[in-house]
Amino acid sequence: FFSFFAKMGISLKESQQKFSFMNMSVRKELKERIATHGPDFDLGEDFLYGSFQYRAGYNHILSAADAADCVSALLESFSVASSTIALRQKEISSQQRHDLDLEDENADANADPVSVSGEPPSQDAAEQEDRARKLWQESFNAAYDTLDFSVCDKHTHLFERGLEIAKAMQRAIIEEGAAIISGHKISSAGDFRYCILEGLPPRLVSAFSQPLMLLRLARFIMSAQTAAGRWLGSSAKPLVLGLRTGLADTAHFVGIPKHGMAGHVPRNDFGRHFRAAARLIGKHCRPSGVDPSSAHVRVDGEVQRFLLALHEVVSAHEV
């Protein structure tokens, strides 16, 4: 990082500033400097991409990419809904805020993992479903409110909170992905590779229990491995990630297809594979979120048995 900025001729103090506060000459030349020196640090042409901005006056500038990341972060997880709920209805208990905040670094590691993992606390099934439904509704409403581009405090607070959540999620993906790769935690099951996330702190369980977050982690790992020259050609295989939730009998699974040729988007059949594998072992499986390649499986502690059934299903499909 420091070497990259030094080679571009940007001082350490300047590099620590927000872009809008950087020297005007540096801001004007930054794109050209990145294009010139980026290849020395494995930053190709895809490091920069085209976008557009929404402007309201001189103080309100919103890029399309930031808007998409903000809305996605607010929508993905009811585990981060507390702060946005507070902005919308101004009433939320401090205990809820403690339980639901993604960035609560001081969460008690010995607390009930269910209450801080994105799963409803120990209640009967009807209460769990009702609580989860209300939290998802609040997350949806918060994300929808962010699309109101009127210049007001409510929109500004939601937008800023959404960006902070998005950045926290991206950091979590990079850190956990790097730990999985460097720790050689990925195993092979013949026709696909897999990794079961276990032993995570409660705040990460909360984050990765959301299907889009788990999918983004899988895609990051796949991209990192293929960029390093691995998992290509004959060694290319699909990747499955699983996460044990705070409830011992349930787990989240996502799957992505193997790396294909440039410009080719391979079909993802893992949603169907997960359902077929669950039927083989007599377990209940339901979609997890809006992405069809994710599933919430009632494994009753038999994750390996489910993976064996998945291997059987995928092998039959490949044939």
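Note that the coordinates shown come from a computational prediction; the quantities given were computed from them, not determined experimentally. (Residues numbered from 1 in each chain as written. Predicted model: local features only at pLDDT ≥ 70, side-chain atom pairs only at ≥ 80, totals over all residues. Heavy atoms only, no water.)

Draft legend 1. Spatial organisation of the pairing of strand β6 (residues 251–256). Taken across its six residues, β6 has six buried, putting it largely inside the fold. Here strand β5 (residues 239–244) pairs with β6 via six bridges, running antiparallel. Within β6, the position partnered with L243 by the bridge is H252. As defined by bridge partners, β6 adjoins strand β8 (residues 294–297) across four bridges and the pair is classed as antiparallel. In the sheet register, V254 faces β8, and the bridge partner there is S294. (Buried < 20%, exposed > 50% of the residue type's maximum accessible area, 1.4 Å probe, protein only. Helix = DSSP H or I, 4+ residues; strand = E, 2+ residues; numbered from the N terminus. Pairing = 2+ DSSP bridges.)

Draft legend 2. Molecular detail of the nonpolar core. Residues L197, F208, L214, L217, I221, L239 and L241 are the most contacted members of the largest nonpolar core, which totals 35 residues. Mapped onto this core, the elements with two or more residues apiece are α4 (64–76), α8 (153–182), β4 (193–197), α9 (202–208), α10 (211–227), β5 and β6. Every residue in contact with L214, bar those within four places of it in the chain, is listed here: L197, F208, L241, L243, H252 and V254. Judged by nonpolar contacts, the second largest core, of 24 residues, contains I196, A251, A277 and L310. (Core = buried A, V, L, I, M, F, W, Y, C linked by side-chain atoms within 4.5 Å. Contact = heavy atoms within 4.5 Å.)

Draft legend 3. Structural view of the confidence of the model for the protein chain. Residue-level pLDDT values for the protein chain average 76, and 74% of them are 70 or greater. Per-element confidence in the protein chain is highest for β4, whose mean pLDDT is 93, and lowest for helix α6 (residues 94–100), whose mean pLDDT is 40. In this model, residues 79–123 is a region of pLDDT below 50 whose contacts with residues beyond four sequence positions or in other chains number 85 contacts. (pLDDT = per-residue confidence, 0-100.)

Draft legend 4. Spatial organisation of a nonpolar patch on the surface. A surface patch of nonpolar side chains, about 420 Å² in accessible area, is lined by L75, F140, Y144 and L147. Considering the arrangement of structural elements, one finds F140 in helix α7 (residues 125–146). Overall, F140 belongs to the partly exposed group, its relative accessible area being 47%. (Patch = residues over 30% accessible without salt bridge, like charges linked within 9 Å, V, L, I, M, F, W, Y side chains within 5 Å. Areas by Shrake-Rupley, 256 points an atom, 1.4 Å probe, with all protein chains shown as cover. Salt bridge = Lys/Arg side-chain N within 4 Å of Asp/Glu carboxyl O.)

Draft legend 5. The sheet that holds β4, seen in detail. A sheet is described by the order of its strands in space; here six strands give the open sequence β3-β4-β5-β6-β8-β7, paired in mixed fashion. Taken across any chain shown, the strands that pair with only one partner, and hence form the sheet edges, are β3 (187–188) and β7 (285–287). Pairing analysis gives two bridges linking β3 to β4, with the strands arranged antiparallel. Bridged to S188 within β4 is R193.

Draft legend 6. Spatial organisation of the environment of D66. With respect to the helices and strands, D66 occurs in helix α4. Counting along the chain gives 97 residues from D66 to L163, while the straight-line C-alpha distance between them is 7.2 Å. Dropping the residues within four chain positions of it, D66 is found in contact with F159 and L163.

Draft legend 7. Looking closely at the pattern of salt bridges. Inspection of every chain in the model, using the stated rule, returns six salt bridges. Among the ionic pairs, E198 bridges to R244, the shortest N-O distance being 2.5 Å. Within this pair, whereas E198 is found in the loop between β4 and α9, its partner R244 is found in strand β5, the two being separated by 46 residues in sequence. By relative accessible area, R244 is classed as partly exposed at 32%.

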